[in-house]
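Residue-level listing of the chains:
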Amino acid sequence: MSKSALITGITGQDGAYLAKLLLEKGYKVHGLMARRGSDSLWRLRELGVERDVSLIDGDLTDVTSLIRAMEMARPQEVYNLGAQSFVGTSWSQPILTAQVTGVGAVNVLEAVRIVDAKARFYQASTSEMFGLIQAAKQDENTPFYPRSPYGVAKLMAHWATVNYRESFGLHASSGILFNHESPLRGPEFVTRKVTQAVARIKKGLQKELRLGNIDAQRDWGFAGDYVEAMWAMLQQDEASDYVVATGTTTTVRAMCEIAFKHVGLNYQDYVVIDPEFFRPAEVDILLGNPAKAKAGLGWEPKTSLEQLIAMMVDSDLRRLEVSGS
Ligand code: NAP
Ligand code: F7E
């Protein structure tokens, strides 16, 4: 009998890659979908799996819809990827972020506990919890210091996951994932904002790129590699928490240089610094130590930042060729 999985946030970047991975492994894949006015299925369509997943109406803030989704999907594995995930928006919508990203995770844990406490649970934790870093290289033992309402909400979800494991014996694991990107990344995040602009500038559709703090440093990997670590965590006998990262950090400035260079341009001719994109509190640098994931899960990143950015620029160029604008 094939396994069943329930993914919240299936229409997001990671949800789409994880759905594809689980389908390839023979799972029946169910996804919670919050109904939106705009087309939210484009990522699943781009990966060619839109018709292979079963979508269930629901919202992370409505625990009854989560209980219903658990009853309909009867999953052995539940991946909680749904969130208000854009750090910038978390300052303008802090309550919504707390409710969706923080309380939403507790709602999913409750639905699991009530419907089937044997189902395994994955929480999408984040390097944003380290915020103002307390160690040069962050691992599972590094103290947290979140710097945004998003980071604070994720910390609640993270500790709720640990607490449900310790209180109720749930097989509940947190992946503390550092930034991961792909051609399916939302256009509000800096890598995609840059690769989309590079493609438009190359095609003569845009003249400049306005950015905020380009001295910020991030440990960037490829989302397609990172969903493999999520799956591997739920295959372990014991639930635990794992840092998933590449172990190298790069400035936004250097990432821009890579992206523009890929099409033969110099970023300095196009990037304009705009105070509008500075944040009330910044996470200056993140650098993860994925040693535990390597030893325990046999997981390693396969894609370099240069390969990742090239993939994203090429895909944005292709999209422009198809759409023409
Ligand atoms: P994403 O592209 O922003 O996807 C977020 C998903 O959550 C979307 O499917 C969205 O649905 C859904 N969602 C939002 N509000 C909801 C609600 N009230 N009820 C149900 N679903 C809701 O994020 P991602 O990059 O794939 O990241 C996946 C998860 O990992 C998120 O929890 C994120 O915070 C976390 N994370 C991401 C990174 C990273 O670098 N990508 C790193 C660490 C942790 P709509 O499309 O309909 O809005
Ligand atoms: O910003 C700087 C910005 O929005 C990266 C989410 O997936 O990863 C993501 O959060 C850096 C920051 O990602 C612009 O100030 C400069 O220092 O791409 P981002 P993020 O905030 O790191 C973590 C791990 C998550 O969990 C989150 O869900 O780039 N930056 N100029 C800019 N950022 C944006 N978005 N736009 C700019 O114009």
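Scroll up for the structure.
Predicted, not measured: the structure shown is a model, and the values here were computed from it. Along every chain, residues carry numbers that run from 1 in the direction the sequence is written. Lettering of chains starts at A and numbering of ligands starts at 1, both following the order in which they are written. Only residues with pLDDT of at least 70 are given local features in this predicted model, and only at 80 or more are side-chain atom pairs given and counted; all residues enter the totals for whole chains, interfaces and linings. Derived side-chain values reflect all non-hydrogen atoms in the structure, with water molecules and hydrogen atoms excluded from consideration.

**Q** Is there a simple way to think about the overall build of the protein in this case?
**A** Numbering goes from the N terminus for both helices and strands, where a helix is a DSSP run of H or I of at least four residues and a strand is a run of E of at least two. When its secondary structure is counted, the protein shows 11 helices and 13 strands. The globule rule used here is 2.2 Å times the number of residues to the 0.38 power, and the radius of gyration it is set against is calculated over C-alpha atoms. For 325 residues, the compact-globule estimate of 2.2 N^0.38 gives 20 Å, and the C-alpha radius of gyration of the protein, at 19 Å, lies within 12% of that figure. Seen through its principal axes, the protein has C-alpha atoms that stretch 55 × 45 × 40 Å. A burial count over the protein gives 53% of its 325 residues as buried. Of all intrachain contacts in the protein linking residues separated by at least 6 positions in sequence, the fraction that spans at least 24 positions is 79%. A total of about 14,000 Å² of accessible surface is found on the protein, and carbon and sulfur atoms cover 50% of it. Charge centroids of the protein, computed over 35 positive and 38 negative side chains, lie 3 Å from each other. We call a residue buried when its accessible area falls under 20% of the maximum for its residue type, exposed when it is over 50%, and partly exposed in between, using a 1.4 Å probe and counting protein chains only. When checking whether two residues touch, look at their non-hydrogen atoms; a contact exists if any pair is within 4.5 Å. Exposure was quantified through the Shrake-Rupley algorithm and a 1.4 Å probe, taking into account, for residues, occlusion by the shown protein chains and nothing else. A residue counts as positive if it is Lys or Arg and as negative if it is Asp or Glu; His and the chain ends are not included. The atoms used to mark charge sites are NZ of Lys, CZ of Arg, CG of Asp and CD of Glu.

**Q** In this structure, what is going on with the environment of V283? I would like to understand it.
**A** Tracing the chain through its elements places V283 in the loop between β13 (271-273) and α10 (291-297). Here V283 is in contact with E128, G131, R147, A216 and R218, once residues within four sequence places are set aside.

**Q** How do you make sense of the nonpolar core when you look at a structure like this?
**A** Side chains of nonpolar character tend, in soluble globular proteins, to be buried together. In terms of nonpolar packing, the biggest core is built from 62 residues, with I7, L18, Y79 and Y122 touching the most fellow members. No other element matches helix α8 (residues 223-234), which puts 8 residues into this core. Not counting chain neighbours up to four residues away, the residues in contact with L18 comprise I7, Y79, L81, V227 and M230. Residues grouped as a nonpolar core are buried Ala, Val, Leu, Ile, Met, Phe, Trp, Tyr and Cys residues, joined through side-chain atoms within 4.5 Å. I56, M70, V112 and F121 belong to the second-largest nonpolar core, a separate cluster that totals 22 residues.

**Q** Whenever I open this one, the pattern of salt bridges confuses me. Can you help?
**A** Charged atoms that come close allow side chains of opposite charge to pair. Any carboxyl oxygen of Asp or Glu within 4 Å of a side-chain nitrogen of Lys or Arg constitutes a salt bridge here. Inspection of every chain in the model, using the stated rule, returns 19 salt bridges. With a shortest N-O distance of 3.6 Å, E300 and K294 are connected by a salt bridge. Relative accessible area serves as the criterion here: at 48%, K294 is assigned to the partly exposed category. Two residues, R319 and D316, come together in a salt bridge whose shortest N-O distance is 3.1 Å. Linking R319 with D316, this pair stays in helix α11 (residues 305-323), spanning 3 residues, or about one helical turn.

**Q** Explain the site of ligand 1 to me, please; I cannot follow it from the model alone.
**A** For ligand 1, the set of nearby residues contains 24 residues, the closest of which are T11, D14, R36, S85 and Y150. A distance of 2.8 Å separates an oxygen atom of ligand 1 from a polar atom in the backbone of D14. Contact distances for ligand 1 include 2.8 Å between an oxygen atom and a side-chain N or O atom of K154. Elements supplying a minimum of two residues to the shell around ligand 1: α1 (13-24), β5 (120-126) and α6 (149-168). Ranked by residue count, the leading element in the shell around ligand 1 is β5, at 3 residues. Under the scheme applied here, ten amino acids are nonpolar (Ala, Val, Leu, Ile, Met, Phe, Trp, Tyr, Cys and Pro), four are charged (Asp, Glu, Lys and Arg), and all others, including Gly, are polar. Here the residues of the shell around ligand 1 are counted per class, giving 9 nonpolar, 10 polar and 5 charged. Here a residue is considered near a molecule or strand provided that any single heavy atom belonging to it is located within 4 Å of it. Two N or O atoms count as a polar contact when they lie within 3.5 Å, although within protein this holds only if one can serve as hydrogen donor and the other as acceptor, and sequence-adjacent residues are included solely when both atoms are side-chain atoms.

**Q** Where do I start with the site of ligand 2 in this structure?
**A** In the vicinity of ligand 2 there are 22 residues, among which S85, T126, Y150, R279 and E282 approach most closely. Between S85 and ligand 2, the recorded distance is 2.6 Å, taken from a backbone N or O atom to an oxygen atom. Residue R185 places a side-chain N or O atom 2.9 Å away from an oxygen atom belonging to ligand 2. Summarising the interface, the protein chains cover 96% of the accessible area of ligand 2, which totals 700 Å² for the free molecule. Along the lines of polarity and charge, the residues of the shell around ligand 2 split into 9 nonpolar, 6 polar and 7 charged. Throughout, the edges of the domains are those of an automatic or database domain assignment. Split by domain, the residues of the shell around ligand 2 number at least three in each of domain 1 (4-180 + 220-244) and domain 2 (186-219 + 248-285 + 303-323).

**Q** Would you explain the packing of aromatic side chains in this entry?
**A** Remark: the centre distance and the inter-plane angle together describe each pair of aromatic rings, the angle taken between the planes. Pairing of aromatic side chains requires ring centres within 6.5 Å, counting the rings of Phe and Tyr and the six-membered ring of Trp. Pairs whose planes differ by under 30 degrees are stacked, by over 60 edge-to-face, and all others tilted. If you walk through the whole model with that rule in mind, you get 9 aromatic pairs. Between Y226 and W299, the ring centres sit 5.3 Å apart and the planes meet at 90 degrees, which makes this aromatic pair edge-to-face. Taken together, the residues span a long stretch of sequence, with Y226 in helix α8 and W299 in the loop between α10 and α11 at a distance of 73 residues. The two residues Y226 and W299 agree in class, both being buried. Three or more aromatic residues joined by ring pairs form one cluster here, namely F130, F144, W159 and F178. The criterion is that NZ of a Lys, or CZ of an Arg, lies within 6 Å of the ring centre and within 35 degrees of the ring normal, and then a charge sits over that ring. The side chain of R185 reaches across the aromatic face of F189, ending 3.8 Å from its centre. The aromatic ring of Y242 is capped on one face by K292, whose charged end is 4.8 Å from the ring centroid.

**Q** I tried to follow the pairing of β5 on my own but got confused; where do I start?
**A** One face of the sheet, then the other: side chains in a regular strand alternate in exactly this way. Most of β5 sits out of view: 6 of its 7 residues are buried. A strand pair is defined by DSSP finding two or more bridges across the two strands. With 4 bridges connecting them, strand β4 (residues 77-80) and β5 associate as parallel partners. Considered in β5, the bridge of N80 is made with Q123. Across 6 bridges, the pairing between β5 and strand β6 (residues 172-177) is parallel.

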